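Reading the structure
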Amino acid sequence: MRRKKKAILPYMLKPKSPIERVMVALDFDELEEAVSLIEALRAYPVTFKVGNQLGTYEGWLRVIQTIHSTGAKIFCDTKFKDIPATVERSCRAITRHQPEFFNIMADNSPAALIGAVKGRDQAVKNYGLKKKPVLLGVTVLTSITDTESQELYGKVAKEKVLQFATMAAQNGLDGVVCSPQEAALLKENESTSSLLLVTPGIRPEWAVAGDQSRVLSPADAVRAGSDYLVIGRPITKPPESVGSPADALERILNELEEM
Ligand code: C5P
């Protein structure tokens, strides 16, 4: 009798502690800068989020291998958007490099969303990989205001986020990237409540908003239903009064632990 193979589940779905919730955005030009930030936060088992700025310049394989060699986890903010066959092949390619998380744009066509899941799953199967990366769909960027959302999509951000997240859930993605301001809406809605919510647009009280529009504090984001918090500049470039990146992260963790 043939033994049924145990299915490989996506890497880690729910964070179990405040530190596991934190994804630090390494928005740097060169790997050297990223590595010094990783070194500065060595004591903290956070996930590092890398975007196209660093991935394109240094090459995804090099970035992923370097971050993994420090023992840290990586979220590749690849934001793929293309015709279905290309999305599928891109997801297969990044899966072969074995990041813990990666993403596509959730406003791809349903066929491309299905292709993304297929590309990831087939890579795991065909190449005998150990890890199935968590596949996320980016809904409406957290820098986009309601006015811009109206201009771009004809609806306010919340409505479009719900629509894109519903498509992501229906087509088998593990979660979505959205603003913490939409987290409660997605957790309460039956068609999106099972999605993992990864939220940039996190601003502690002591940080400046910068180009982010739809923001919440770390504790308010978790209260609203965020699972993972993507935090860039408040940690990588904290205000002088806060101190170093490690000091900023400590403050954020204290806020989360006091909840
Ligand atoms: O510095 P800050 O905390 O604003 O960084 C947020 C990070 O999250 C950036 O790397 C940005 O590209 C990313 N991001 C975002 N909004 C999304 C998806 C990703 O701000 N919807």
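Below is a summary of the structure that appears in this document. (Residues numbered from 1 in each chain as written. Predicted model: local features only at pLDDT ≥ 70, side-chain atom pairs only at ≥ 80, totals over all residues. Heavy atoms only, no water.)

The next subject is the layout of surface pockets. What the largest pocket holds in volume is close to 540 Å³. What lines the largest pocket is a set of 29 residues, among which Asp27, Lys49, Thr142, Pro200 and Gln212 lie closest to the centre. Listing elements by their share of the lining of the largest pocket, those giving two or more residues are strand 3 (73-80), strand 8 (228-231) and helix 11 (233-236). Element by element, the count of residues in the lining of the largest pocket is highest for strand 3, at 3 residues. (1 Å grid on protein atoms, 1.4 Å probe; cavity = no way out; pocket = protein on both sides within 12 Å on 5 of 7 lines; lining within 4 Å. Points joined across faces, edges and corners; volume = space filled by probe spheres on them. Helix = DSSP H or I, 4+ residues; strand = E, 2+ residues; numbered from the N terminus.)

Quick look at the nonpolar core now. Counting 61 residues, the largest nonpolar core has Leu26, Leu41, Phe48, Ile67, Ile104 and Leu249 as the members making the most contacts within it. For this core, the leading source of residues is helix 8 (residues 157-170), giving 6 residues. Excluding residues that lie within four positions of it along the chain, Leu249 makes contacts with Ile19, Val22, Leu41, Tyr44, Val46 and Ile235. With 13 residues, the next largest nonpolar core counts Phe75, Phe101, Val134 and Val138 among its residues. (Core = buried A, V, L, I, M, F, W, Y, C linked by side-chain atoms within 4.5 Å. Buried < 20%, exposed > 50% of the residue type's maximum accessible area, 1.4 Å probe, protein only. Contact = heavy atoms within 4.5 Å.)

Our next topic: the side chain of Lys49. When you line up the elements, Lys49 lands in strand 2 (residues 47-50). By relative accessible area, Lys49 is classed as buried at 8%. Engagement of the side chain of Lys49 in a polar contact is seen with the side chain of Asp77, the distance being 2.6 Å. (Polar contact = N/O pair within 3.5 Å; in protein donor to acceptor, adjacent residues only side chain to side chain.)

Running from N to C, helix 5 (residues 84-96) and helix 6 (residues 110-126) cross one another at 30°; their axes reach a closest spacing of 7 Å. Put simply, helix 5 runs roughly parallel to helix 6. Helix 6 is crossed by helix 5, and the crossing has right-handed handedness. Contacts from Pro84, Val87, Glu88, Cys91, Arg92, Thr95 and Arg96 of helix 5 reach helix 6 at Ala111, Ala112, Gly115, Ala116, Lys118, Gly119, Arg120, Gln122, Ala123 and Val124. A class-by-class count of the residues in the contact of helix 5 with helix 6 yields 8 nonpolar, 4 polar and 5 charged. (Axes fitted to C-alpha atoms, helices over the stretch in contact; angles between N-to-C directions. Parallel < 35°, antiparallel > 145°, perpendicular 65-115°, else oblique. Left-handed = near helix turned anticlockwise from the far one by under 90°. Nonpolar A, V, L, I, M, F, W, Y, C, P; charged D, E, K, R; others polar.)

All right, on to the pairing of strand 5 (residues 134-138) then. Of all 5 residues in strand 5, 5 are buried, a share of seventy percent or more. Residues Val134, Leu136 and Val138 of strand 5 are buried on one face, and the alternating residues Leu135 and Gly137, pointing to the opposite face, are buried as well. As judged from the 5 bridges shared by strand 4 (residues 101-105) and strand 5, these two strands associate in the parallel manner. Each residue of the ladder has a partner; that of Phe101, found in strand 5, is Val134. Assessed by its sense of winding, the connection that carries the chain from strand 4 through helix 6 to strand 5 is right-handed. (Pairing = 2+ DSSP bridges. Right-handed = clockwise from strand over helix to strand, strands pointing away.)

Once that is clear, we can look at the site of the ligand. Taken together, 17 residues lie around the ligand, and Asp27, Thr142, Arg203, Gly232 and Arg233 are the ones closest in. A distance of 2.7 Å is found between an oxygen atom of the ligand and a side-chain nitrogen or oxygen belonging to Arg203. A distance of 2.8 Å separates an oxygen atom of the ligand from a polar backbone atom of Gly232. Look at the ligand: alone it shows 470 Å² of surface, and the protein chains cover 88% of it. Structurally, the ligand is housed in the largest pocket. Residues that form the shell around the ligand fall into these classes: 8 nonpolar, 3 polar and 6 charged. (Near = heavy atom within 4 Å. Areas by Shrake-Rupley, 256 points an atom, 1.4 Å probe, with all protein chains shown as cover. Sits in = over half its atoms within 2 Å of the grid points.)

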